[in-house]
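Residue-level structure breakdown
The chain contents come next:
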Amino acid sequence: MLRESLIFVGTCDIAGHVRGKGFPARELDARRRKGVGWTHSNLMQSAFGDIFQTPFGTGGDLMIVPDPDAAVHVDFEDGSAPEHFMLGDIRNTDGTPWECCPREFLRRAIAAVREAAGLDVLATFEQEFVYTGNEARPGDSYALGAFRRQGVFGEAFVAALRAAGVTPDSFLAEYGARQFEVTVAPAQALHAADQAVITREMARATAHRLGHRAVFSPMPVPDGVGNGVHVHFSLWDEQGRPAMHDPQGDRGLGAAAARFAAGLLHHLPAIAAITAPSPVSYLRLTPNRWAPTAIDLARQDRGAALRICPVFAAAGPEEAAAQFNLEFRVADGTASPYMVLGALLFAGADGLRRGLSIPTGDAAALPRSLSEALDRMADSEAVATWFGPTFRDAYLMHKRAELAHVGDLAAAELCRRYAEVY
Ligand code: GLU
Ligand code: MG
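Below is a short write-up of the structure.

Criteria and thresholds
- Residues numbered from 1 in each chain as written.
- Chains lettered and ligands numbered in written order.
- Predicted model: local features only at pLDDT ≥ 70, side-chain atom pairs only at ≥ 80, totals over all residues.
- Heavy atoms only, no water.
- Donors = N, O, S within 2.8 Å, 3.2 Å for Na, K, Ca; no water.
- Helix = DSSP H or I, 4+ residues; strand = E, 2+ residues; numbered from the N terminus.
- Axes fitted to C-alpha atoms, helices over the stretch in contact; angles between N-to-C directions.
- Parallel < 35°, antiparallel > 145°, perpendicular 65-115°, else oblique.
- Left-handed = near helix turned anticlockwise from the far one by under 90°.
- Contact = heavy atoms within 4.5 Å.
- Nonpolar A, V, L, I, M, F, W, Y, C, P; charged D, E, K, R; others polar.
- Pairing = 2+ DSSP bridges.

**Some thoughts on the coordination of the magnesium ion (ligand 2)**
The textbook angles at a metal center are 109.5 degrees for a tetrahedron of four donors and 90 or 180 degrees for an octahedron of six. Every protein donor of the magnesium ion (ligand 2) is accounted for by Glu128 (OE), Glu174 (OE) and Glu181 (OE), and the metal-donor separations fall at 1.9 to 2.1 Å. Considered as a linear motif, the donors of the magnesium ion (ligand 2) on their single chain read E-x45-E-x6-E. With Glu128 in strand β6 (residues 120–131) and Glu181 in strand β8 (residues 179–184), this pair connects stretches of sequence that are 53 residues apart.

Shown next as structure tokens:
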């Protein structure tokens, strides 16, 4: 059949979807500068596609400009059109960053950490999802049987990741029914968020070619465990030395790591609406699901909001310091990785800047619903500063309008609707 190569340029927006536009690949040189046309109200597209409410109306022009560092070209060699896309930044027509660009939000957060303490962040997203190509069988948790019965999905997925420039670390059958998990190597923060987006899309792309789906919704059904997104991160100084670990420090945390964690815990009630941004997110954040319910930091505890990860078989103190990382567990696949990591870094930077200490005593509860989380976000002056007024108000309007749209649905129907789109 006559064919011509196409490229898609897009961004992972505040609904957590990758949206953008395609064009003939031969036009790429011209498109590197002018990108693809976009408009302000595109930001307000809900999880379901509908724009329920927008402050921007129908006017205005923007562009999504591709970043050559976030380019994917993966040919599955099965006759299907290759996955050829680039992630990019939403810019004004004069080329300046648009104030509501999620990727720019993360860039500003990276700069805030650097400004607060001269530190850089390495991160990686550990992501869980349901692969619909497996039947659910009792006893399948972490089982070789489940691992085998996913057939060629795992191998094709891992090959696609590598071809997309992401280094796969592990692929496993998880605890939940038909649930799998993928981990990838850490990278500099912006790149790590790009890779999280690419990882999700490669899982979907692989499943699609096999006639199935990879579902990242935090609770595809109301029972059982959810799909979490766990963000591992570490701080590094300007000389490239790890700045997380102090064997003498509280639970092994160095001074910078403790302040960063304290900032995160302090702002967690206000950023939950960013990292767990859907009504179904709060069905996951409930007891006995290995998901967090409180604003706590714990060593090697998979029920904590912030977990101090173990160091495995370190050859010496240097390797122990390099391996030492924290894991943020209050995130899920309905959130844009740019927004998740951006919120995390802004909160941590504030802890660094103000020299905050990790609270002692009983841990407060996480917000129990999206509505509560959005109210806490709206109350936060810090969040308002990180976003800027236009972006903050648009974000709150987006999520509140979506919540109003699905607010009356029973849990099973709510889960079904979100599993359909994530
Ligand atoms: N599925 C759990 C979650 O929703 C996490 C299980 C694990 O520790 O990997 O976060
Ligand atoms: Mg897991």
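**Some points on the packing of helix α4 (residues 153–163) against helix α5 (residues 189–209)**
Contact geometry for α4 and α5: axes closest at 9 Å, N-to-C directions at 135°. One way to sum up the angle between α4 and α5 is to call them oblique. Two packed elements cross with a definite hand, and for α4 against α5 that hand is right-handed. Within the contact between the two elements, α4 uses Phe153, Ala156, Phe157, Ala160 and Leu161 and α5 uses Thr199, Met202, Ala203, Thr206 and Ala207. Looking at the contact of α4 with α5 residue by residue, the classes come out as 8 nonpolar, 2 polar and no charged.

**What to know about the sheet that holds strand β1 (residues 6–12)**
The strand order across the open sheet built from 5 strands is β2-β1-β5-β4-β3, with neighbouring strands paired in mixed fashion. Of all strands in the sheet, those bounded by a partner on one side alone are β2 (18–24) and β3 (36–38). In this sheet, neighbouring strand axes are inclined to one another by 35° on average, regardless of whether the strands run parallel or antiparallel. In terms of strand pairing, β3 meets strand β4 (residues 62–74) through 3 bridges, oriented antiparallel. From the neighbouring strand, Val36 faces β4, where its bridge partner is Ile64.

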